[in-house]
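Observations on the model geometry
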Amino acid sequence: MVDATVDVIHRGGLECDQNYMIEGETLGTHDEPNPDLTYDEIPVWNLVIDHPEATILWDTGSHHDALEGHWPEGLLQAFYPHDAHEHRLDDDLEEAGYDLDDIDAVFQTHLHLDHAGGLEFFDGTDVPIYVHEREIKFAYYSAKTDKGSSAYILEDFDHDLNWQVIHRDREEHFEDVEFVRFPGHTPGLTGTVIHLDDDGTLVFTGDQVYQAPNYEAEAPLGAGLLWGKTEWFDTLQHIKEIERRHDAAVVYGHDKDQFEEIREGWGR
């Protein structure tokens, strides 16, 4: 167990059809063939892990110019980042009491547009950027071809960065902070398991689990946001085993209700 703190950094929100979050969230019936969709906002957030060995930024959020042409129109319409311009990474860090120069390392769960948009702030620096090998390969493959996932924007991650590539399914680069590959949403999505002195074990699933129904009812992610359904289900069981083994708290990627509960962070 490590004496560390974890701060939650609010990075704005995305407005989207909730069928993206939960497969079949809204379905028609014979008597109601065209039901109203659930169109709602989901939170975007990062972490700052203040660890004895390093201050680690966990994900970098959406790009602050998403509304000004950085995001293509199709993605803009699907996941509308209505307040992205109010959430520059450097400003949000400053509001939380951190400066960009305080960040010793960056960990990217994956490189989708709402998670990698702040990497430009580390362009040309020696700050290590941790990402899984399977993820960086899939991101470039997706951005450079018409295959893969459409949720990658090349300009988010194609910078002069000090990539520190994670090759195995589990690696520990900082004491009691485990980077664990959770394939499903993308092939290289990687979550984090942190063992804290005061708060016990936390499992940050990233977008392997968007919201509570994905985890509790095992309802898959929807609308094409699942790279591999079998892999996703197997990973879900892996996370539940980690939860049982460590009596851990499991934190989802975009759950509005849970986000309100975790905003105070841990270890304070």
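Residues numbered from 1 in each chain as written. Predicted model: local features only at pLDDT ≥ 70, side-chain atom pairs only at ≥ 80, totals over all residues. Heavy atoms only, no water.

**Here's the deal with the packing of aromatic side chains**
Taken as a whole and assessed by the stated rule, the structure comprises 15 aromatic pairs. Measuring from centroid to centroid gives 4.6 Å for Tyr 20 and Phe 79, while their planes differ by 50°, and the two rings are tilted. Separated by 59 residues along the polypeptide, Tyr 20 in the loop between strand S1 (5-17) and strand S2 (39-51) and Phe 79 in the loop between helix H1 (73-78) and helix H2 (89-95) bring together distant segments of the chain. Using a relative accessible area of 10% as the deciding quantity, one classes Phe 79 as buried. Between Tyr 152 and Phe 157, the ring centres sit 6.4 Å apart and the planes meet at 85°, which makes this aromatic pair edge-to-face. A relative accessible area of 0% places Phe 157 in the buried class. In textbook terms, an aromatic cluster arises when at least three aromatic residues are bridged by ring pairs, as seen for Trp 45, Trp 58, Phe 107, Tyr 130, Phe 174, Phe 179, Phe 204 and Trp 266. (Phe/Tyr/Trp six-rings, centres within 6.5 Å; stacked < 30°, edge-to-face > 60°. Helix = DSSP H or I, 4+ residues; strand = E, 2+ residues; numbered from the N terminus. Buried < 20%, exposed > 50% of the residue type's maximum accessible area, 1.4 Å probe, protein only.)

**Quick word on the pairing of strand S10 (residues 200-204)**
Taken across its five residues, S10 has four buried, putting it largely inside the fold. Sheet topology note: the strand S9 (residues 190-196)/S10 ladder contains five bridges and is antiparallel. When the sheet's bridge partners are listed, Leu 196 is paired in S10 with Gly 200. Counting the residues between successive antiparallel strands, the hairpin from S9 to S10 contains three residues. (Pairing = 2+ DSSP bridges.)

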